[in-house]
Structures are given as C-alpha cells and as structure tokens.
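Residue-level listing of the chains:
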Amino acid sequence: IGIVCYPTFGGSGIVATELGMELAKKGNEIHFFSYSLPARLNTTLPNIFFHRVTIENYPLFQYQPYDLALSTSIVDVAKKIGLDLVHVHYAIPHAYAAYMSKKMLEEENIKLPIITTLHGTDITLVGQYPGYKSAVEFSINQSDAVTSVSESLKKDTHKTFQIKKEIQVIPNFIDNSLFSSVEPPLLCLRSNFAEKEEKILIHVSNLRKVKRIEDVIEIFYRVQKEVSSQLIIVGEGPEWNNAEKLVVKYGLSDRVKSVGWLRNLYSILRLSDLFILPSAEESFGLAALEAMAAGLPVISSNAGGLPEVNINNVTGYTFNVGDVDKMAKAAISLLKNEKMLNQFKQNAKEQAQKFDIKNVLFKYENLYKEVLNESN
Ligand code: GMT
C-alpha cells in the first residue's frame, strides 16, 4: 500500500501516518511518500518504508514541480516493488499526482487504484482557488474511491465541486491507549507550567489564520481575570507574531507559554484542564479529539465538523466563530465548577472512545478490499 501525505504536524499527515503504522502492524507492507519524514512516522517498525520525494532545483523554474516528482516516485516504486493501491491524504496535489502515476503505469499494463481522502482545507480553502479548482475537481473524480473525514466536509465538497463519485465518510481516529497510559513524571511536569491551584488552558495548532489564535488570547484574557490560570500554546506558524503582540498588550507574558511543536503531545495534554479551538474552519478537529482522549473538555467554535466531535454541553461547548465572550464565559463557569469539570472530562474521554482506531480502521480495510475487487 502506498500512502501519500504531508510530513508536517497537520492532522492529515498525522492520520495518514497512524493509519499506515496500524496497517503495517497487521502485516501489510506500507510505503510512505512525502518530501520529508512524516512527523510521527517510526521507520524502525517492520513493514514501514519511506520514499522521500526529491525535487531537483533547476534554476529555469521559478516553482519546482512537486507533482511531477511525486508521480515519478510512485511509478518507480510501483514498478520496482509493486503497489496494490495508493491512498492519498489531502487532495492537492496528491490526487493529481497519483492520477498521473496511474496513467503512466497503464502504459505498462500495471493497475494502480487510487483512494483519495479529503481532509479540509483542500476543499474549503485551497481547493477553491480559481487557479486550482478544475484540476482538484478532475483528480477527485478520477479517484477509484473518495472519503471525507466528516459529514460536514462531504457536504462542503458537494457544494463546491461537481463530484460524480460517492463520498464515503470515514472519521478520523486516535489510539486512545496512547493518551491514557500512566506516566509518573506528570505531576512534576505540571509544576513547570502552573501553581497547584491554577488551571491550565491549552491550544494546539499550526497557528495559521484559520485557527484564529487572537481569539485564543482574547478568551484567555477574559478567563484569567476570573480564574487563576495559565495558557499553553503548542505549535508553530505565521500567526504567532500577531498573537504575541496581543499577549504583550494585555500584560499576559507571564501567563502564556508558547512551547513550539512537541513530539510527545500526550503528557502536556494530560496535565492541562481545558482545550480551546475557536477556528474559522475545521473539517474535523483532530487536535480537539486528541485533547478529549487525554480527558480535556473543549471550548470550540461550531465551524465545519467540530460539532460532530465536540458535543455541545456534553464534552464542552461550541459557539459561533468569533464569539469570544460566550466562549470565555463558558470556560469560566466550567473551570469554577469542579464537579461539572470532572463530568465533562469523563464525557470527553467517552466520546474519544467512539473514534478509537479499533472502531475506524476496518472501514479503510473494507474500502481497500472493495477497490481491489473492482479493479481486478
Ligand atoms: O488544520 C490544519 O490546518 C491542518 C489540516 C491538514 O490538512 O493537516 O487539517 C485538516 O485535516 C485534519 C485531519 O483530517 C482535520 O482534523 C482538520 O480539521 C482539518 N483542518 C481544517 O479543516 C482547517
């Protein structure tokens, strides 16, 4: 099985990596394709192979052609090693490159079915750029099977594109055991971030505009006036500079800690109390699900697929995008009510169980079988 993904800490790369590693555990041979090693990929595991897509730097080109390099890499591996199918995560330009590989291989009588998983901004943002739209629509329609990570994203896809294919919703998943195992140094680490009586709010993202990081700071500014607390920001991205200005303006420098990307997210989530995700768009919100698995209630916007993950009034609260006053009020009342906070923590963990890998993996396995049957 070939898996094509982005190597970053973004949700699509994480899901692709976890999926591949789980399939490898079950004896499948998994070949990852990306321009660098995916953030959570462990290449020392059996049955895992990584193919770095190498881009030549020819000075004539202002923009080096990544899709050309990716399709060549897939073709080479398919010819040398043999691939039964290729599963691309994030349509742009992965579905397009995979289609080109399929066509090249057909010339040599080699079949390569393609499965495309739509993840979010490939549909709701980037896919809608006029310069990309036709190619994105074409390559989705040329895939042998198409999946989306939420009902909301499926609807958005049909709204924006003329899709002739059935889109199957297969939600994102997590391995709950990774988030709940006991780690003794946990308490000790908590003291690095907060006093014993203080609460910890946390946000995890790639700090892009769509994540509304300034809203995170606005919410925290209101919360810390009522509840003694600290804010941890995990991740890196272009919006941090603006958010930091707000942190300084509100005199919060001692209360807000930006820790960059962390490979072990589990411990920091588990020492926190509340997760904040006020995104303008979110097809699913894998970061919220990971937080819930670690027992954190979530205060989020109700954008996209977030309400499918964060159940309003049960695992946290959802509000309209930008309504920082309501988000802050809900956070304050939850943090002040220990009994309710514990109940929400419990609810969050239970909700995360529904998205456990064991409840989702078989859906991909069945889809692979269907696609392979059809192509033979
Ligand atoms: O959120 C991001 O900016 C990263 C992006 C990605 O492609 O990695 O995330 C998208 O895919 C994730 C995994 O399916 C979803 O959990 C995120 O909600 C989705 N992001 C957006 O829709 C903004």
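These lines cover the structure that appears in this document, whether it is placed above or below.

1. Looking at the sheet that holds strand 8 (residues 199-204)
In spatial order, the strands read 10-9-8-11-12-13; together these six strands make up an open sheet with parallel pairing. Looking along the sheet, the strands with just one partner apiece sit at the ends: strand 10 (256-260) and strand 13 (316-319). The average angle at which neighbouring strand axes cross in this sheet is 20 degrees, direction not considered. Packing of helix 12 (residues 286-293) onto the sheet brings it into contact with strand 8, strand 11 (274-277) and strand 12 (298-301), and relative to strand 11 it is tilted by some 175 degrees.

2. A word on the site of the ligand
Of all residues adjacent to the ligand, which total 18 residues, the nearest are Ser 12, His 119, Arg 208, Lys 211 and Glu 282. Between an oxygen atom of the ligand and a main-chain N or O atom of Gly 11, the distance comes to 2.9 Å. Between an oxygen atom of the ligand and a main-chain N or O atom of Phe 284, the distance comes to 3.1 Å. The cavity that encloses the ligand is the largest pocket.

3. Observations regarding the packing of aromatic side chains
Given two aromatic rings, their pairing is described by the distance between the two centres and the angle made by the two planes. Counted under the stated rule, the structure contains eleven aromatic pairs. Note on Tyr 58 and Phe 61: the rings are 5.6 Å apart at their centroids and 65 degrees apart in plane angle, and the pair reads as edge-to-face. In this structure Tyr 58 comes out as partly exposed when scored by relative accessible area, which is 49%. With centroids separated by 6.3 Å and ring planes inclined at 25 degrees, the aromatic side chains of Tyr 317 and Phe 319 adopt a geometry described as stacked. Of the residues examined, Phe 319 reaches a relative accessible area of 17% and is grouped as buried.

Definitions and cut-offs
- Residues numbered from 1 in each chain as written.
- Predicted model: local features only at pLDDT ≥ 70, side-chain atom pairs only at ≥ 80, totals over all residues.
- Heavy atoms only, no water.
- Pairing = 2+ DSSP bridges.
- Helix = DSSP H or I, 4+ residues; strand = E, 2+ residues; numbered from the N terminus.
- Axes fitted to C-alpha atoms, helices over the stretch in contact; angles between N-to-C directions.
- Contact = heavy atoms within 4.5 Å.
- Near = heavy atom within 4 Å.
- Polar contact = N/O pair within 3.5 Å; in protein donor to acceptor, adjacent residues only side chain to side chain.
- 1 Å grid on protein atoms, 1.4 Å probe; cavity = no way out; pocket = protein on both sides within 12 Å on 5 of 7 lines; lining within 4 Å.
- Sits in = over half its atoms within 2 Å of the grid points.
- Phe/Tyr/Trp six-rings, centres within 6.5 Å; stacked < 30°, edge-to-face > 60°.
- Buried < 20%, exposed > 50% of the residue type's maximum accessible area, 1.4 Å probe, protein only.

No statement about biological role is implied by the geometric values presented.
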